[in-house]
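Residue-level listing of the chains:
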Amino acid sequence: MTVYFIGAGPGDPELVTVKGQRLIRSCPVILYAGSLVPDAVLDGHQAGLVVNTADLDLDAIVQLLADAHAKGQDVARVHSGDPSLYGAIGEQMRRIRALGIPYEIVPGVTATAACAATLGCELTLPGVSQTLILTRYATKTAMPEGEGLADLARHRSTMAIHLGVRHLAKIVAELLPHYGSDCPIAVVYRASWPDEERVTGTLADIVGKVQQTDIERTALILVGRVLAAEGFADSSLYAPA
């Protein structure tokens, strides 16, 4: 058997990869992160056991994987977005490796990609930004040395910040010296879900705009000049030469 760590995408059930959907519909066991993965992602499944792991701890999840392994049953372990980004799969893989349980990672569409799509922008533009930094705001778990927002902001590249909307004012304060008050920023709540909400502005006014909404969690922050760039050069990809 194999445990398949499947990226379910940002929320829209149609943004699951073909491979991910095939495995979800064929595996006899499904464990899914129900707090972020909508039930519609599981449509068409034929699994005999389906478990929402939102309220389970690591030991309980590993035990379910071990039970499936003992029975020779493939497992669709479904996470939101791409499981390799803030998916907490590293600790699961470490545990099942020790138990001799094989696994495979099936990539998914990231929340960052979904946000770029709904904002209608390209995150890497010639002469504006050719680098994308994906990071998070430090709360319960400290960031490694050199990975604080101020350290990363010095590059002035496009940045996607996870898990930080509740601390937006502090984030803006750290970004301002490097990006400038007129730098575009967007806060996207539940990108690709039916109740998606977008708030756009600049570092000067975004805090006030978000305070007028009910957005408190499940939102991604995107910052960078690419969000409102107009005078950028054409890429060489389609140049006549």
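Residues numbered from 1 in each chain as written. Predicted model: local features only at pLDDT ≥ 70, side-chain atom pairs only at ≥ 80, totals over all residues. Heavy atoms only, no water.

Chemist: How should the pattern of salt bridges be read in this particular structure?
Modeler: Any two side chains of opposite charge can pair, so long as their charged atoms come close to each other. Tallied over the full model, the rule gives 6 salt bridges. Arg225 is paired through a salt bridge with Asp182; the nearest N and O atoms lie 2.8 Å apart. Here Arg225, found in the segment after strand E10 (219-223), pairs with Asp182, found in the loop between helix H6 (168-179) and strand E8 (184-189); they are 43 residues apart in sequence, far enough to count as distant. You can call Arg225 partly exposed: its relative accessible area is 35%. Note that Asp195 is salt-bridged to Arg190, the shortest N-O span being 2.9 Å. Residue Arg190 is classed as buried on the basis of its relative accessible area of 19%. (Salt bridge = Lys/Arg side-chain N within 4 Å of Asp/Glu carboxyl O. Helix = DSSP H or I, 4+ residues; strand = E, 2+ residues; numbered from the N terminus. Buried < 20%, exposed > 50% of the residue type's maximum accessible area, 1.4 Å probe, protein only.)

Chemist: How do you make sense of the nonpolar core when you look at a structure like this?
Modeler: When a protein is soluble and globular, its nonpolar side chains tend to lie buried together. Counting 25 residues, the largest nonpolar core has Met159, Leu175, Tyr179, Val187, Leu203, Ile206 and Val223 as the members making the most contacts within it. For this core, the secondary structure elements donating two or more residues are helix H5 (149-153), strand E7 (158-162), H6, E8, helix H7 (206-211) and E10. Tallying contributions element by element places H6 first for this core, with 5 residues. Not counting chain neighbours up to four residues away, the residues in contact with Ile206 comprise Leu168, Val172, Ile185, Val187, Val199, Thr200 and Gly201. (Core = buried A, V, L, I, M, F, W, Y, C linked by side-chain atoms within 4.5 Å. Contact = heavy atoms within 4.5 Å.)

Chemist: Whenever I open this one, the packing of helix H2 (residues 58-71) against helix H3 (residues 90-98) confuses me. Can you help?
Modeler: How two helices sit against one another is set out by the angle between their axes and by the gap between those axes. Where H2 contacts H3, the two axes come as close as 10 Å, and the packing angle between them is 50°. Considered as vectors, H2 and H3 are oriented oblique to each other. H2 and H3 meet at a crossing whose hand is right-handed. Here Leu58, Asp59, Ile61, Val62 and Leu65 of H2 lie close against H3, whose contacting residues are Glu91, Gln92, Arg95 and Ile96. (Axes fitted to C-alpha atoms, helices over the stretch in contact; angles between N-to-C directions. Parallel < 35°, antiparallel > 145°, perpendicular 65-115°, else oblique. Left-handed = near helix turned anticlockwise from the far one by under 90°.)

Chemist: Explain the side chain of Thr135 here, please?
Modeler: Inspection of the secondary structure puts Thr135 in strand E6 (residues 132-136). Not counting the four nearest positions on each side in its chain, Thr135 is found in contact with Tyr86, Met143, Glu147, Leu149, Leu152, Met159, Ala160, Ile161 and His162.

Chemist: Which parts of the structure should I look at to understand the environment of Ala138?
Modeler: Tracing the backbone shows Ala138 in the loop between E6 and H5. The spacing of Ala138 and Gly148 is 10 residues in sequence and 7.8 Å in space, taken between C-alpha atoms.

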